[in-house]
Amino acid sequence: MRGLSLNDQCIIVGESEMMLMNEKVRLLISEADKAIKEERFDDLMDFYTDDAVLVVKPGLEVQGKQAIKNAFIKIAEYFKNSIEPTQGNMIMLEAGDTILVLSQTLLDADNKSESQYSMERRATYVYRNVNGKWLCAIDNSYGTSLLD
């Protein structure tokens, strides 16, 4: 890093650390999506904080791992056990032990044409670093559409 000021060097180091953190959280979200698709709901709970909140649908939120697990079982049933979530573009904003993830969330399912809910969403997720592990504290696949 010859020729760069100390401030420039700190910015470069900070940016590379942020890129690594972003990739780590992106991978965690991908692994959670895979657990949803494969209906491994016990494994899915490893991605959540104990007090996590899941927005099940507009107007209905659940809190805590057991309630979230039960909600995902009902969501799978609603989509005839064929739901497949994936993520498109993502932006992550980090402040200390918290990350806000803004994500294009895409859902596919055998009965997607029958769903009353959007299958393409602008999700907001909040991740918290708990004992060195990034865990989802707020899972809101509806994002700001909750304001509508």
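What you see is a predicted model, and the numbers here were worked out from it, not measured in a lab.

Caption draft 1: Highlighting the environment of A137. Within the element layout of this structure, A137 appears in strand β6 (residues 133-140). Relative accessible area serves as the criterion here: at 9%, A137 is assigned to the buried category. If near-sequence neighbours (up to four positions away) are discounted, A137 is found in contact with T49, A52, V53, V126, Y127 and R128.

Caption draft 2: Up close: the pairing of strand β5 (residues 120-130). Pairing geometry for strand β4 (residues 98-108) and β5, over nine bridges, is antiparallel. Residue pairing in the sheet places L100 in a bridge with V126 of β5. Judged from the seven bridges that link them, β5 and β6 form a sheet pairing that is antiparallel. Its bridge partner lying in β6, T124 is registered against N140. The hairpin turn running from β5 into β6, its antiparallel successor, is two residues long, and N131 in that turn takes a positive phi close to 50°.

Caption draft 3: Fine view of the pattern of salt bridges. One pass over the full model with this rule turns up seven salt bridges. Across the pair K37 and E84 runs a salt bridge whose closest N-O atoms are separated by 3.6 Å. Of this pair, K37 sits in helix α1 (residues 6-37) while E84 sits in strand β3 (residues 84-95), and the two are 47 residues apart along the sequence. When its relative accessible area of 32% is taken as the criterion, E84 is described as partly exposed. D51 is paired through a salt bridge with R128; the nearest N and O atoms lie 2.9 Å apart. You can see D51 sitting in strand β1 (residues 48-57) and its partner R128 sitting in strand β5, a full 77 residues away along the chain. With relative accessibility at 28%, the residue R128 sits in the partly exposed group. Linked through salt bridges whose partners overlap, the residues forming this network are E38, R40 and D43.

Caption draft 4: Layout of the side chain of S141. Tracing the chain through its elements places S141 in the segment after β6. A relative accessible area of 12% means that S141 is categorised as buried. Here R121 takes part through its side chain, which lies 2.7 Å from a polar atom of the side chain of S141. For S141, the contacting residues outside a window of four places in its chain are R121, R122, A123 and Y125.

Caption draft 5: A look at the sheet that holds β6. One open sheet accounts for six strands, arranged β2-β1-β6-β5-β4-β3; its pairing is mixed. Each end of this open sheet is capped by a strand with a single partner; those strands are β2 (60-63) and β3. Strand-to-strand twist across the sheet, computed as the mean angle between neighbouring axes with direction ignored, equals 25°. Across the face of the sheet, helix α3 (residues 65-78) comes into contact with β1, β2 and β6 while running at roughly 35° to β1.

Caption draft 6: Molecular detail of α3. With 14 residues, α3 extends 20 Å from end C-alpha to end C-alpha; this agrees with the ideal 20 Å at 1.5 Å per step. Listed in full, the buried residues belonging to α3 are I68, K69, A71, F72, I75 and A76. Relative to the axis of α3, the buried residues are bounded by an arc of 160° and lie together on one face. Of the exposed residues in α3, those oriented more than 90 degrees away from the buried face are Q66 and K74. One or two steps after α3, the chain reaches K80, where phi turns positive at roughly 55°.

Rules and cut-offs
Residues numbered from 1 in each chain as written. Predicted model: local features only at pLDDT ≥ 70, side-chain atom pairs only at ≥ 80, totals over all residues. Heavy atoms only, no water. Helix = DSSP H or I, 4+ residues; strand = E, 2+ residues; numbered from the N terminus. Buried < 20%, exposed > 50% of the residue type's maximum accessible area, 1.4 Å probe, protein only. Contact = heavy atoms within 4.5 Å. Pairing = 2+ DSSP bridges. Salt bridge = Lys/Arg side-chain N within 4 Å of Asp/Glu carboxyl O. Polar contact = N/O pair within 3.5 Å; in protein donor to acceptor, adjacent residues only side chain to side chain. Axes fitted to C-alpha atoms, helices over the stretch in contact; angles between N-to-C directions. Expected span 1.5 Å × (residues − 1). Arc of directions from axis to C-beta.

Taken by themselves, the reported measurements are silent on function.
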